[in-house]
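Structure at a glance
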Amino acid sequence: MMQRSMRLMGVVFCLFAGCVRAADKPAMELWRLDCGKFQINNVNLFSDVDAYGPGPKQLIGSCYLIRHGDTYMLWDTGLPVDVLNKPFTGKDDIESSLNITLVDQLKQLGLKPEQIGIVGLSHYHFDHTGQAAAFPQAKLMIGRGDAEQLRANPEGRGKAVTHWLKGDGNLDAVDGDRDVFGDRSVVMINLPGHTPGHHGLLIKLPVTGYVLLSGDAVHFAENLATDGVPSFNDDRAQSLASMARFKALAANHKAIAIIQHEPNDVKKLPTFPLSAK
Ligand SMILES: [Zn+2]
C-alpha cells in the first residue's frame, strides 16, 4: 500500500514537474560561458580587401561547456587571466579584457576544474588557449596543424599549454573531423584557413537539435555575409572554403550557428547559468 501511494505520488509529481528526476536528466547539455571582450580599433585587420570603416568595433569572447552523460567538455578556454578587468584605452589595434574566469563560472554550476574531462581548442590563438592550464587533468584536443604551431613556439604561443607540450598531459592532435564521443553528438569540424589546424564544433542536442560553433572560421556577422578574410589568416583559399562549409553545414542541419566572437549571437543560447538541452 505504502509502495503504491509512493508510486502514485511519483506520477502526480511527474505531471506537475515535467517528469524531471535525477535519473531522467537529459543526456546532454550545453552552456555558453563568458570568455572576455574585445575592442577592435582597426577593423580592417579583419578584411584583407579593406571592406570596413573605422572602428572601434566591440566583439566578445565565448567558450562552451558540454555535458555528455557524466563527461564534461570545454570548447575553448578564452583569454588569459592576466587581462582580467583590464580597461580599454583605444590605443592598440585589438584590445582584450576578461570579465570573469572559467573556474569562477564553473563554480556557479557546482563544478570543480578537475571534473572537466576534455578541453577542445578551436585553434592555437591566445584568446582561445588562455585558461587551459586550469584543467591539467583534461585531455587536450586540437587540430594537428595547430598542435605543431604550439610545439614550434613553446615559450610564446605554447606557454598556455606547456603542461601538455611537455608530455605531462594527454594531448590529442586531431586530423580532419573528429567524432569526440563516437556517437556523432559532438564532432570537431575541420575548418582550416584561420590557422592550419583550425576546427569548429557541431553539437547535436536531444531537444534543441544542432548547434554549430564557429571557432574563428569567421569573426563577426559581416565577415560571414561578405566572405571577409582577416589579413592575419593563415590561408585565404582555405578560409573561404571553410566559411562555405560552415554555412552549408548550418543550413543542412538547420543548426543554431554561433559566431563565437559575435555579440549578437549571445542571445542564441540560454543565458548562463541556464543550459540548452
Ligand atoms: Zn579568437
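Moving on to the pairing of strand 5 (residues 116-120). Strand 5 sits mainly inside the fold: 4 of its 5 residues count as buried. Here strand 3 (residues 71-75) pairs with strand 5 via 4 bridges, running parallel. The partner of W75 across the bridge, within strand 5, is G120. Alignment of strand 5 against strand 6 (residues 139-143), held across 3 bridges, turns out to be parallel. For G120, the partnering residue across the bridge sits in strand 6 and is M141.

So, about the sheet that holds strand 2 (residues 57-68). Taken in spatial order, the 7 strands line up as 4-1-2-3-5-6-7 in an open sheet, and their pairing is mixed. In the strand order of this sheet, the two ends are held by strand 4 (94-97) and strand 7 (171-174), each with one partner. Strand after strand, the sheet turns through a mean of 25 degrees between neighbouring axes, direction not considered. Against the sheet, helix 4 (residues 144-152) engages strand 6 and strand 7, with an angle of about 105 degrees to strand 6.

Turning next to the confidence of the model for the protein chain. When pLDDT is averaged across the protein chain, the result is 93; 91% of the residues are at 70 or more. Low pLDDT (under 50) marks residues 1-22, which in the prediction has 2 contacts with non-local residues, meaning those over four places away or in another chain.

The subject of this paragraph is helix 7 (residues 236-252). Over its 17 residues, helix 7 extends 24 Å from the first C-alpha to the last, a length consistent with the 24 Å expected when each residue adds 1.5 Å. Taken residue by residue, helix 7 has S239, S242, M243, F246 and A250 as its buried positions. The buried residues of helix 7 occupy an angular sector of 105 degrees when the element is viewed end-on, so they sit on one face. When the buried face of helix 7 is taken as reference, the exposed residues oriented beyond 90 degrees from it are A237, A244, A248, A251 and N252. Tucked inside the fold, the buried residues of helix 7 contact strand 10 (199-205), strand 11 (209-213), helix 6 (221-225) and strand 12 (256-258). Looking one or two residues past helix 7, K254 carries a phi angle of roughly 45 degrees, positive in sign.

Conventions used here
Residues numbered from 1 in each chain as written. Predicted model: local features only at pLDDT ≥ 70, side-chain atom pairs only at ≥ 80, totals over all residues. Buried ≥ 20, exposed ≤ 12 C-beta atoms within 10 Å, placed from the backbone. Helix = DSSP H or I, 4+ residues; strand = E, 2+ residues; numbered from the N terminus. Pairing = 2+ DSSP bridges. Axes fitted to C-alpha atoms, helices over the stretch in contact; angles between N-to-C directions. Contact = placed C-beta atoms within 7 Å. pLDDT = per-residue confidence, 0-100. Expected span 1.5 Å × (residues − 1). Arc of directions from axis to C-beta.

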